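So the chains spell out like this:
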Amino acid sequence: MSEDKKTIIVFSGDLDKAMAAMIIARSAAAMGNEVTLFFTFWGLNLLRKPEPVSVKKNILEAMFGWMMPRGPQKAKLSQLNMGGLGTAMMQYVMKTKNVPTLAEMIAEAQQFGVTFIACTMSMDVMGIHQEELIDGIELGGVATYLGAADDANVNLFI
Amino acid sequence: MAEYSLNCRGMQCPGPIMQLFTQMKTAQPGDVVTIVVTDMGFRKDIDAWCRKTKNTLVSIEEKDGVITAVVRKGE
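Residues numbered from 1 in each chain as written. Chains lettered and ligands numbered in written order. Predicted model: local features only at pLDDT ≥ 70, side-chain atom pairs only at ≥ 80, totals over all residues.

**Q** Could you give an account of the packing of helix 1 (residues 15-30) of chain A against helix 4 (residues 102-111) of chain A, naming the residues involved and the relevant values?
**A** Residues and elements named next belong to chain A. Running from N to C, helix 1 and helix 4 cross one another at 30 degrees; their axes reach a closest spacing of 10 Å. The angle between helix 1 and helix 4 falls in the class roughly parallel. You can see that helix 1 and helix 4 cross each other, and the crossing is left-handed. Facing helix 1, whose interface residues are Leu-15, Ala-18, Met-19, Met-22, Ala-25, Arg-26 and Ala-29, helix 4 presents Leu-102, Met-105, Ile-106, Glu-108 and Ala-109. In the contact of helix 1 with helix 4, the residues fall into ten nonpolar, no polar and two charged. (Axes fitted to C-alpha atoms, helices over the stretch in contact; angles between N-to-C directions. Helix = DSSP H or I, 4+ residues; strand = E, 2+ residues; numbered from the N terminus. Parallel < 35°, antiparallel > 145°, perpendicular 65-115°, else oblique. Left-handed = near helix turned anticlockwise from the far one by under 90°. Contact = placed C-beta atoms within 7 Å. Nonpolar A, V, L, I, M, F, W, Y, C, P; charged D, E, K, R; others polar.)

Dropping the structure here:
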């Protein structure tokens, strides 16, 4: 167990939960920690490029890809979304209060050396291909995450 | 010994400590950084940050909602 390593499982693709994960990850990196984020299930959508990427998919994969949000700009609040109104209000308030956008937080975490791992099983199930993800994402399975978590002293599931 | 100053007014948590971390990476041991912050959580955060990063909080003062902290880089 090391004091200077942290791991976070990013399961949720909700805006508020993803923000919490990214704020903790960026803070930990700024405290000199080695941080590993493991993106699985809905969290994977946060790593998708905002624009459609042409890849060969079967009908179910294509439907999943079409139904799920593409990238952090499309993430919604877990509460008070109110058909998108609540999310728009939150994004407006964040801007006026000088809080970076979720996309900016993700980019900043990458600049600070936070390791982003996309769960390959989730990618397979949800039909998400590596070409659809932003740059700098490593692919790995649960053993990769467990290996990192074993060496860390904080592990969160968000 | 070099002195640096960071203006982090209006920046939200954890922006100021991220700026400080980046500045400290280029600084030498003994160098001093003065950081100005308006995020009130910074008062406690800087204690924890200095403890965990082995830097020293030389002074901290708050006036009219603005915190000015002086941090010395550790060995």
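**Q** Describe the sheet that holds strand 4 (residues 138-140) of chain A, listing the residues and the values that go with them.
**A** All names here are of chain A. The five strands lie next to each other as 4-3-2-1-5, forming an open sheet whose pairing is parallel. Of all the strands in the sheet, the pair left with one neighbour each is strand 4 and strand 5 (154-157). For this sheet the average axis-to-axis angle between neighbouring strands, irrespective of direction, equals 25 degrees. Relative to strand 2 (residues 34-39), strand 1 (residues 5-10) runs parallel, the two being bridged by six bridges. Each residue of the ladder has a partner; that of Thr-7, found in strand 2, is Thr-36. Its contacts with the sheet put helix 6 (residues 142-150) on strand 1, strand 2, strand 3 (115-119), strand 4 and strand 5, and the angle it makes with strand 1 is roughly 145 degrees. (Pairing = 2+ DSSP bridges.)

**Q** Report on the environment of A:Lys56, specifying residues and quantitative values.
**A** All names here are of chain A. With respect to the helices and strands, the residue Lys-56 is situated in the loop between strand 2 and helix 2 (59-67). By the C-beta count within 10 Å, which is 7 here, Lys-56 ends up exposed. Each C-alpha atom of the pair Lys-56 and His-129 lies 9.1 Å from the other, and the pair is 73 residues apart in sequence. (Buried ≥ 20, exposed ≤ 12 C-beta atoms within 10 Å, placed from the backbone.)

**Q** Explain the confidence of the model for chain B to me, and be specific about the residues and the numbers.
**A** Residues of chain B with pLDDT of at least 70 account for 100%, and the chain-wide mean is 96. Our summary of model confidence lists the complex with pTM equal to 0.92 and ipTM equal to 0.88. (pLDDT = per-residue confidence, 0-100.)

**Q** I'd love a proper account of the interface of chain B and chain A, names of residues and values included.
**A** Contacts between the two partners involve ten residues from chain B, matched on the other side by ten residues from chain A. For the side of chain B that touches chain A, the secondary-structure elements that each account for two or more residues are helix 1 (15-26) and helix 2 (42-53) of chain B. A breakdown of the residues in the side of chain B that touches chain A according to their chemical character gives six nonpolar, three polar and one charged.

**Q** Describe the sheet that holds strand 1 (residues 3-8) of chain B, with residues and values.
**A** All names here are of chain B. Read from one edge of the open sheet, four strands run 1-2-4-3, paired in mixed fashion. Where the open sheet ends on each side, the last strands, each with one partner, are strand 1 and strand 3 (56-63). Between one strand and the next, the sheet's axes are offset by a mean angle of 15 degrees, whatever the strand orientation. In this structure, strand 2 (residues 32-37) lies alongside strand 4 (residues 66-72), joined through six bridges in antiparallel fashion. By the bridge assignment for strand 4, Val-37 is matched with Ile-67.

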